[in-house]
Amino acid sequence: MPEFEWDPETYQALMAEEIPDYPRLQTEVAAAAAVGAPNSILDLGVGSGLTAQRVLDALPGAGLLGIDASPEMLAAAEAILDPERTELRLGRLEDPLPRGPFDLVMSTLAVHHLDGPGKADLFACIAAVLAPGGRFVLGDLVVPADPADVVTPIDWIDDTPSSLDEQLTWLAEAGLTTRVHWQHRDLAVIVAQKD
Ligand SMILES: C[S@@+](CC[C@H](N)C(=O)[O-])C[C@H]1O[C@@H](n2cnc3c(N)ncnc32)[C@H](O)[C@@H]1O
């Protein structure tokens, strides 16, 4: 089965149709990211840069390294993000991460494309590249406790979300201290701190 191809031209319409609370998710990611005024940011699955832009607007002193597997999405990110504050790299979440250390690692609506072991592996890699006191802000789809809270269509091929509790467990196993910043139906923002 070929991997889903992201199209920056249709991305916002797709989000509006399938994830109506995407703007609220971005607001909550940006609010959680801005705590502690981090300077160095790694954005995993930066896509067309829409959430990265919100975070950079909230943190005028920060610089961001964005990684994504889609050249088309990265080209769109390049068009909107300040080149003085941004570096963009083609790469996969499964690849070794840049060494860092980073004050903040963020990811919005990308980690749910990994399966459970893939998420657990990624969380351990993120813990290794966070600076002491650094934080991981994860804004993503979760499998809600109540099936009635499912809003976003899931194909269980490209989309393999996990429950909030599973992800909190894997983050704790990676040595991070977690808290749920926000949750609404099948969306959540988790903050995981390295002591
Ligand atoms: C729904 S978009 C989210 C984009 C952006 N973070 C945002 O907030 O709008 C998901 C992005 O994750 C990227 N992605 C999905 N799986 C990936 C993987 N395994 N490695 C790298 N990027 C991946 C896709 O190319 C796409 O740009």
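Before reading further, recall that the structure is shown in the block above.
Reading the values: the criteria
Note on numbering: residues in each chain are counted from 1, in written sequence order. Local features in this predicted model are restricted to residues whose pLDDT is 70 or higher, and side-chain atom pairs enter the listing and the counts only when it is 80 or higher, whereas totals over whole chains, interfaces and linings include all residues. A run of DSSP states H or I qualifies as a helix once it reaches four residues; a run of E qualifies as a strand once it reaches two. Both are numbered from the N-terminal end. Note that the radius of gyration is over C-alpha atoms, with the globule rule given as 2.2 Å times the number of residues to the power 0.38. The burial criterion counts other C-beta atoms lying within 10 Å of a residue's C-beta, which is placed from the backbone; the residue is buried at 20 or more, exposed at 12 or fewer, and partly exposed between these limits. A pair of strands is labelled paired if DSSP reports no fewer than 2 bridges between them. For helices, the axis comes from a line fit to the C-alpha atoms of the stretch in contact; other axes are also lines fit to C-alpha atoms, and the angle between any two N-to-C directions lies between 0 and 180 degrees. Residue pairs qualify as contacts under a 7 Å threshold applied to their C-beta atoms, which are placed from the backbone. For each residue, a C-beta atom is placed from the backbone, and the residue is labelled near a molecule or strand when this atom is within 6 Å of it. In this classification, the charged set is Asp, Glu, Lys and Arg, the nonpolar set is Ala, Val, Leu, Ile, Met, Phe, Trp, Tyr, Cys and Pro, and all remaining amino acids, among them Gly, are polar. Think of a nonpolar core as buried Ala, Val, Leu, Ile, Met, Phe, Trp, Tyr and Cys residues, each tied to the set through C-beta atoms within 7 Å.

### Quick word on the overall build of the chain
- The secondary structure content of the chain amounts to 6 helices and 7 strands.
- Along the chain direction, N to C, the helices and strands of the chain fall in the order α-α-β-α-β-α-β-β-α-β-α-β-β.
- Against the compact-globule benchmark of 16 Å for 195 residues, the chain has a radius of gyration of 15 Å, which places it among compact chains.
- With respect to the three principal axes, the spread of C-alpha positions in the chain is 40 × 40 × 30 Å.
- Within the span of the chain, comprising 195 residues, buried residues form 42% of the whole.

### Focus: the pairing of strand S7 (residues 187-194)
- Most of S7 is tucked away, with 7 of its 8 residues classed as buried.
- Judged from the 7 bridges that link them, strand S5 (residues 130-141) and S7 form a sheet pairing that is antiparallel. Note that in S7 the partner of Leu138 across the bridge is Ile190.
- Where strand S6 (residues 176-184) meets S7, 8 bridges bridge the pair, whose relative direction is antiparallel.

### Focus on the sheet that holds S5
- Here 7 strands make up an open sheet; going across it, the order is S3-S2-S1-S4-S5-S7-S6 and the pairing mixed. Looking at strand neighbours, the two that pair on one side only are strand S3 (86-90) and S6, the edges of this open sheet. The mean inter-strand angle of the sheet, taken between neighbouring strand axes irrespective of direction, is 15 degrees.
- Summarising the sheet, strand S1 (residues 40-44) and strand S4 (residues 102-108) pair through 3 bridges and their orientation is parallel. Bridge pairing links Leu42 to Val105 in S4.
- Where helix H6 (residues 164-173) meets the sheet, its contacts fall on S6 and S7, and the angle it forms with S6 comes to roughly 160 degrees.

### Let's talk about the environment of Arg92
- Turning to its location among the elements, Arg92 is positioned in the loop between S3 and S4.
- Between the C-alpha atoms of Arg92 and His181, which are 89 residues apart in sequence, the distance is 26 Å.

### Notes on the site of the ligand
- Around the ligand, 17 residues are found, and the nearest of them are Gly45, Gly47, Thr51, Ser70 and Thr108.
- Within the shell around the ligand, the residues separate by chemical class into 8 nonpolar, 6 polar and 3 charged.

### Description of the nonpolar core
- Val29, Val55, Val105 and Val137 are the most contacted members of the largest nonpolar core, which has 51 residues in total.
- Excluding anything up to four places from it in sequence, Val137 contacts Val29, Ala32, Ala33, Leu104, Met106, Val189 and Val191.

### A short note on the environment of His184
- Summarising the element assignment, His184 is placed in strand S6.
- A C-alpha to C-alpha distance of 9.2 Å links His184 and Pro144, two positions 40 residues apart in sequence.

### Brief notes about helix H3 (residues 50-58)
- Listed as buried for H3 are Leu50, Thr51, Ala52, Val55 and Leu56.
- Among the structural elements, helix H2 (22-34), S1, strand S2 (63-68), helix H4 (71-80) and S4 are those in contact with the buried residues of H3.

So, to be careful, I would describe these as geometric facts and stop short of saying anything about function.
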